[in-house]
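Now for the letters of each chain:
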Amino acid sequence: MSVSDYELVRAWRQVLDLCRLEAGQTVTLLTSADTNRQTLRCAILAVRDRGAIANRLDLQPTNGGVSLSRDPLAYVGTTPLTGNRAAVEMLKASDLVLDLMTLLFSAEQHEILAAGGRILLAVEPPEILVRMVPTAEDRTRVLAASARLRAARSLRVTSAAGTDVSFALGDYPMLEEYGFVDAPGRWDHWPSGFLATWSNEGSARGTIVLAPGDILLPQKSYVTAPVTLRLDGGYVRSIEGGYEADHLRDYMESFGDPEVFAVSHIGWGLQRRAHWSVLGFYDREASIGMDARACAGNFLWSTGPNNEAGGTRDTACHIDIPMRNCTVKLDGVAVVRDGRLVEG
Ligand SMILES: O=c1ccc(O)c[nH]1
């Protein structure tokens, strides 16, 4: 159900406070055809309330004619900034970019961040933004987990359903998502509250068994029957099961790019205000599924690009797969046990 402008402006004020936005700084709100009007309206009010400049850069949508899904995260890599030098320069000249469009996994995003820019993605519906407005405690919890992941050299995931997969770590940076951008060069996503990295290229190997209730994104579906994926050499080599396995395989093969089967980021959810059950209450296109990605105790793995982490793989197909009831171990020490965060 809806939230009031008052609630959403108050949430934006909290976010801009955590981003340490200063009076006189320039904010560019990046919008396109699917931007939520209330989110835009309330963001501008909060930016102006801090005495900052609020510019809007509205770009033409892209990929609609090639993507099989309308979800903005389904087809990544090229964005309305691709080849759009004037737009990139405006964003690089901004102190803060509020991405109400979705730039994720794009070379242009990297260029803007490398120039010291800050980008905060916010495209979930207003009520989800309000429910998961970021806090300093979210940052503390994500960074504490990140220190452990950064020090680890192996990540192994097992489950009663039959998952037993391992990844070597160390070649890629951390993806620390706590919902605000408090330093130059940072990208983040409101709402979030999870941690990830990329496994060393070629290292992912083993079996992942998706059990009923595990989630496929951007399909926005709960798996209803086991799907078995065999991983070797950093790639998904087979996807077996019922029609849901066929649907996943058919969708990935539709890109005509073998790189879509590469393993992308791996990590786990840390957000206690995110809930596994939310996906069951939303129409497929009403949300991009951040509750599923961030809910505390999930194991989140994905397939496709690694350019976000400095790699060269920019395949357009990105599948996010949050799983329940897994045990995640870093160098043999559990950080998630049977789907629950190991505290301390
Ligand atoms: O916030 C996000 C959203 C999707 C994704 O694949 C990574 N991080």
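A brief structural summary. (Residues numbered from 1 in each chain as written. Predicted model: local features only at pLDDT ≥ 70, side-chain atom pairs only at ≥ 80, totals over all residues. Heavy atoms only, no water.)

Topic: the packing of aromatic side chains
In this description, a pair of aromatic rings is defined by centroid distance and the angle of the planes.
Move 1: Evaluation of the coordinates by the stated rule reveals six aromatic pairs.
Move 2: Both rings, one in Phe167 and one in Phe299, keep their centres 6.4 Å apart while their planes meet at 45°; by these two values the pair is tilted. With Phe167 in strand β6 (residues 164–168) and Phe299 in strand β16 (residues 299–303), this residue pair connects regions lying 132 residues apart in the sequence.
Move 3: For the ring pair Tyr251 and Phe255, a centre distance of 5.3 Å and an interplane angle of 90° mean the geometry is edge-to-face.
Move 4: Of the residues examined, Tyr251 reaches a relative accessible area of 8% and is grouped as buried.
Move 5: Directly above the aromatic system of Trp276 lies the positively charged group of Arg324, at a separation of 4.0 Å from the ring centroid. (Phe/Tyr/Trp six-rings, centres within 6.5 Å; stacked < 30°, edge-to-face > 60°. Helix = DSSP H or I, 4+ residues; strand = E, 2+ residues; numbered from the N terminus. Buried < 20%, exposed > 50% of the residue type's maximum accessible area, 1.4 Å probe, protein only. Lys NZ or Arg CZ within 6 Å of the ring centre and 35° of its normal.)

Considering the site of the ligand
Move 1: Around the ligand, a shell composed of Leu73, Leu104, Phe105, Glu177, Trp187, His189, Phe194, His265, Met290, Arg293, His318 and Asp320 is seen.
Move 2: In this structure, a nitrogen atom belonging to the ligand sits 2.7 Å away from a side-chain N or O atom of Glu177.
Move 3: Between His318 and the ligand, the recorded distance is 2.6 Å, taken from a side-chain N or O atom to an oxygen atom.
Move 4: For the ligand, the accessible surface in isolation is 240 Å², of which the surrounding protein chains cover 100%.
Move 5: Listing elements by their share of the shell around the ligand, those giving two or more residues are β8 (187–189) and α8 (290–294).
Move 6: Split by residue class, the shell around the ligand holds six nonpolar, three polar and three charged.
Move 7: Counting the residues that make up the shell around the ligand, at least three belong to each of domain 1 (5–131) and domain 2 (136–178 + 190–341). (Near = heavy atom within 4 Å. Polar contact = N/O pair within 3.5 Å; in protein donor to acceptor, adjacent residues only side chain to side chain. Areas by Shrake-Rupley, 256 points an atom, 1.4 Å probe, with all protein chains shown as cover. Nonpolar A, V, L, I, M, F, W, Y, C, P; charged D, E, K, R; others polar. Domains from an automatic or database assignment.)

Details of the packing of helix α1 (residues 5–18) against helix α2 (residues 37–49)
Move 1: The contact between α1 and α2 brings their axes to 8 Å, and the two run at 55°. Considering the angle they form, α1 stands oblique to α2. Judged by the sense of rotation from one axis to the other, the crossing of α1 with α2 is right-handed. When α1 is examined against α2, the residues Asp5, Leu8, Val9, Trp12, Arg13 and Leu16 are found in contact with a partner set consisting of Gln38, Thr39, Arg41, Cys42, Ala43, Leu45, Ala46, Val47 and Asp49.
Move 2: Considered class by class, the residues forming the contact of α1 with α2 number nine nonpolar, two polar and four charged. (Axes fitted to C-alpha atoms, helices over the stretch in contact; angles between N-to-C directions. Parallel < 35°, antiparallel > 145°, perpendicular 65-115°, else oblique. Left-handed = near helix turned anticlockwise from the far one by under 90°. Contact = heavy atoms within 4.5 Å.)

Things to note about the pattern of salt bridges
Move 1: Counting across every chain of the model gives 24 salt bridges.
Move 2: One salt bridge connects Arg50 with Asp17, and the closest N-O pair in it is separated by 3.6 Å. Of the two residues, Arg50 sits in the loop between α2 and β2 (53–58) while Asp17 sits in helix α1, which places them 33 residues apart along the sequence.
Move 3: Classification of Arg50 by relative accessible area gives partly exposed; the value is 26%. (Salt bridge = Lys/Arg side-chain N within 4 Å of Asp/Glu carboxyl O.)

Thoughts on the packing of helix α3 (residues 85–92) against helix α4 (residues 107–114)
Move 1: Interaxial distance between α3 and α4 falls to 9 Å at its minimum, and their mutual angle equals 35°. Of the two possible hands of crossing, α3 and α4 adopt the one that is right-handed. Together, Arg85, Val88, Glu89, Leu91 and Lys92 of α3 and Glu108, Glu111 and Ile112 of α4 make up the contact between the two elements.
Move 2: Split by residue class, the contact of α3 with α4 holds three nonpolar, no polar and five charged.

Structural notes on the side chain of Asp291
Move 1: Within the secondary structure, Asp291 sits in helix α8.
Move 2: If we ignore the near neighbours within four places in the chain, the residues touching Asp291 are Ile128, Arg131, Met132, Arg273, Ala274, His275 and Val278.

Describing the sheet that holds β16
Move 1: As summarised here, the arrangement of the five strands in space is β7-β9-β15-β16-β17, forming an open sheet in which the pairing is antiparallel. Two strands close off the open sheet at either side, each with one partner strand: β7 (174–177) and β17 (319–323). Recorded for the sheet is a direction-independent mean angle of 20° between the axes of neighbouring strands.
Move 2: The sheet contact formed by strand β15 (residues 263–269) and β16 spans four bridges and is antiparallel. Note that in β16 the partner of Trp268 across the bridge is Phe299.
Move 3: The strands touched by helix α6 (residues 136–151) are β7, β9 (194–198) and β15; relative to β7, the strand with the most contacts, the crossing angle is about 170°. (Pairing = 2+ DSSP bridges.)

Re the pairing of β16
Residues in a regular strand point their side chains to alternate faces of the sheet.
Move 1: Burial runs high along β16: five of the five residues are buried.
Move 2: Here β16 shows a buried face lined by Phe299, Trp301 and Thr303 and a second buried face lined by Leu300 and Ser302.
Move 3: The pairing of β16 with β17 spans five bridges and is antiparallel. By the bridge assignment for β17, Phe299 is matched with Met323.

Brief notes about the sheet that holds strand β19 (residues 333–337)
In a beta sheet, neighbouring strands pair by backbone hydrogen bonds and run either parallel or antiparallel.
Move 1: Ordered by their spatial adjacency, eight strands build an open sheet running β14-β13-β10-β6-β5-β18-β19-β20, and the pairing between neighbours is antiparallel. Both outer strands of the open sheet, β14 (235–241) and β20 (340–341), are each paired with one neighbouring strand and no more.
Move 2: Relative to β6, strand β5 (residues 154–159) runs antiparallel, the two being bridged by five bridges. When the sheet's bridge partners are listed, Thr158 is paired in β6 with Asp164.
Move 3: The sheet strands contacting α6 are β5, β18 (326–330) and β19, and the helix crosses β19 at an angle near 135°.
Move 4: The strands touched by helix α7 (residues 243–253) within the sheet are β13 (227–232) and β14, with β14 carrying the most contacts at an inclination of about 145°.

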